[in-house]
Amino acid sequence: MANTQTTRIAILISGRGSNMIALSKAVASGLIPNARIVLVVSDKPNAVGLQAASELGHETLIVERRGRSREEHEAEIIAALREHKVDLVCLAGYMRLLSSCFIEAFPHRILNIHPSLLPSFPGLDAHHQALIHGVKFSGCTVHFVDDTLDGGPIIAQRVVPVLDDDSEETLAARILEQEHEVYAEALALVVSGNYEVVGRRVVKK
Ligand code: GRF
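Computed from a predicted structure; not experimentally measured. (Residues numbered from 1 in each chain as written. Predicted model: local features only at pLDDT ≥ 70, side-chain atom pairs only at ≥ 80, totals over all residues. Heavy atoms only, no water.)

**Quick word on the packing of helix H1 (residues 18-28) against helix H6 (residues 168-192)**
Phase 1 of the analysis: Look at H1 against H6: their axes get within 9 Å of each other, and the N-to-C directions meet at 45°. Taken together, the axes of H1 and H6 are oblique relative to one another. Both H1 and H6 take part in a crossing whose hand is right-handed. When H1 is examined against H6, the residues Ser-18, Asn-19, Ala-22, Leu-23 and Ala-26 are found in contact with a partner set consisting of Leu-176, Glu-179, His-180, Tyr-183, Ala-184 and Leu-187.
Phase 2 of the analysis: Of the residues contributing to the contact of H1 with H6, the split by class is seven nonpolar, three polar and one charged. (Axes fitted to C-alpha atoms, helices over the stretch in contact; angles between N-to-C directions. Helix = DSSP H or I, 4+ residues; strand = E, 2+ residues; numbered from the N terminus. Parallel < 35°, antiparallel > 145°, perpendicular 65-115°, else oblique. Left-handed = near helix turned anticlockwise from the far one by under 90°. Contact = heavy atoms within 4.5 Å. Nonpolar A, V, L, I, M, F, W, Y, C, P; charged D, E, K, R; others polar.)

This is the structure:
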């Protein structure tokens, strides 16, 4: 059954936050009905995206690691998410791996965007990996987060050609444009509830 209740979304960032901005604008423009971004969390106090989030009218929260264990750090984030009654978590350039404890707290309720066509080139430096490998097409992937590295069920992908004269920067810039669209599209699907996860496949109902 389609979801008509408001889905409360938190976005986790570590840096620039351009995907966070894209999701915020998609919600504001009605592209993602029945959704509300209730919190933007950063593990970095100087994340550029924090100011943008505030300017967009979002509540922000900085949760620094500060030498604590991953579990302690995550426990503080999870508590804030629970306090804000968050239904769905979007990772948007959040540069930390989540523990299984975090993932189990939001099963199939955490989304991530990765700048390659997974399962190719998971982890860091995806654009570098794509150029070194010599692929002719790369792209971006929105997937559910599980306890594998960038390995959860794929919700949506976009293909981007790799040009002969591409540098990491030019390829990243073209992929980023697609990231902003495909993340909003994937989030709209998940918020709508019109999908099911069958094995590894996310299929529309
Ligand atoms: C994006 O390329 C995203 O795919 C990757 O980290 C980058 C974050 O960019 N996970 P931004 O902070 O959303 O601008």
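Now that the structure has been shown, we can carry on.
**Some points on the nonpolar core**
A general tendency of soluble globular proteins is for nonpolar side chains to be buried together.
Phase 1 of the analysis: The biggest cluster of nonpolar side chains holds 41 residues, and the ones touching the most others in it are Ile-9, Ile-11, Leu-111, Ile-155 and Leu-187.
Phase 2 of the analysis: Among the elements that take part in this core, H6 stands out by supplying ten residues, more than any other.
Phase 3 of the analysis: When near neighbours in sequence (up to four residues on either side) are disregarded, Leu-111 contacts Leu-88, Val-89, Cys-90, Leu-91, Val-142, His-143, Phe-144, Val-145, Ile-155, Tyr-183, Leu-187 and Val-190.
Phase 4 of the analysis: Counting 20 residues, the second largest nonpolar core, distinct from the first, contains Ala-80, Val-89, Ile-110 and Val-145. (Core = buried A, V, L, I, M, F, W, Y, C linked by side-chain atoms within 4.5 Å. Buried < 20%, exposed > 50% of the residue type's maximum accessible area, 1.4 Å probe, protein only.)

**Observations regarding the pairing of strand S4 (residues 88-91)**
Phase 1 of the analysis: Burial of S4 is two-sided: the residues Leu-88 and Cys-90 facing one way and the residues Val-89 and Leu-91 facing the other way are all buried.
Phase 2 of the analysis: Alignment of strand S1 (residues 7-13) against S4, held across four bridges, turns out to be parallel. Bridging from a neighbouring strand, Ile-9 pairs with Leu-88 of S4.
Phase 3 of the analysis: Two elements, S4 and strand S5 (residues 110-114), share three bridges in a ladder whose sense is parallel. Bridge assignment links Cys-90 to a residue of S5, and that residue is Leu-111.
Phase 4 of the analysis: Crossover S4 to S5 through helix H4 (residues 100-105) is right-handed. (Pairing = 2+ DSSP bridges. Right-handed = clockwise from strand over helix to strand, strands pointing away.)

**Here's the deal with the packing of aromatic side chains**
Phase 1 of the analysis: A complete count under the given rule lists two aromatic pairs for this structure.
Phase 2 of the analysis: On the numbers, 6.1 Å between centres and 45° between planes, the contact of Phe-102 with Phe-106 is tilted.
Phase 3 of the analysis: On the accessibility criterion, Phe-102 (0% relative accessible area) is buried.
Phase 4 of the analysis: Take Phe-106: its relative accessible area is 4%, and that puts it in the buried class.
Phase 5 of the analysis: Over the ring of Phe-106 we find Arg-82, and its NZ or CZ is 5.5 Å from the ring centre. (Phe/Tyr/Trp six-rings, centres within 6.5 Å; stacked < 30°, edge-to-face > 60°. Lys NZ or Arg CZ within 6 Å of the ring centre and 35° of its normal.)

**Topic: the site of the ligand**
Phase 1 of the analysis: Close to the ligand lie Arg-16, Gly-17, Ser-18, Asn-19, Gly-93, Ile-113, His-114, Pro-115 and Glu-179, which account for all nearby residues.
Phase 2 of the analysis: Taking Asn-19, its main chain carries an N or O atom lying 2.9 Å from an oxygen atom of the ligand.
Phase 3 of the analysis: A distance of 2.7 Å is found between an oxygen atom of the ligand and a side-chain nitrogen or oxygen belonging to Glu-179.
Phase 4 of the analysis: Here the ligand loses 85% of its free accessible area of 360 Å² to cover by the protein chains.
Phase 5 of the analysis: Secondary-structure elements contributing two or more residues to the shell around the ligand are H1 and S5.
Phase 6 of the analysis: Taken together, the residues that form the shell around the ligand break down as two nonpolar, five polar and two charged. (Near = heavy atom within 4 Å. Polar contact = N/O pair within 3.5 Å; in protein donor to acceptor, adjacent residues only side chain to side chain. Areas by Shrake-Rupley, 256 points an atom, 1.4 Å probe, with all protein chains shown as cover.)

**Description of the environment of Ser-138**
Phase 1 of the analysis: Examined against the element boundaries, Ser-138 turns out to sit in strand S6 (residues 137-144).
Phase 2 of the analysis: Residue classification places Ser-138 among the buried positions, given a relative accessible area of 2%.
Phase 3 of the analysis: Placed 22 residues apart in sequence, Ser-138 and Ser-116 show a C-alpha to C-alpha distance of 5.5 Å.
Phase 4 of the analysis: Apart from the residues lying within four places of it in its own chain, the contact partners of Ser-138 are Pro-115, Ser-116, Leu-117, Ala-130, Arg-158, Val-159, Val-160, Val-162 and Ile-175.

**So, H1**
Phase 1 of the analysis: Across the eleven residues of H1, eight count as buried, placing the element largely inside the fold.
Phase 2 of the analysis: Within the span of H1, buried status applies to Ser-18, Asn-19, Met-20, Ala-22, Leu-23, Ser-24, Ala-26 and Val-27.
Phase 3 of the analysis: Packing partners of the buried residues in H1 comprise S1, strand S2 (35-42), helix H2 (48-55), S4, S5 and H6.
Phase 4 of the analysis: Two residues or fewer past H1, Gly-30 is found with a positive phi of approximately 90°.

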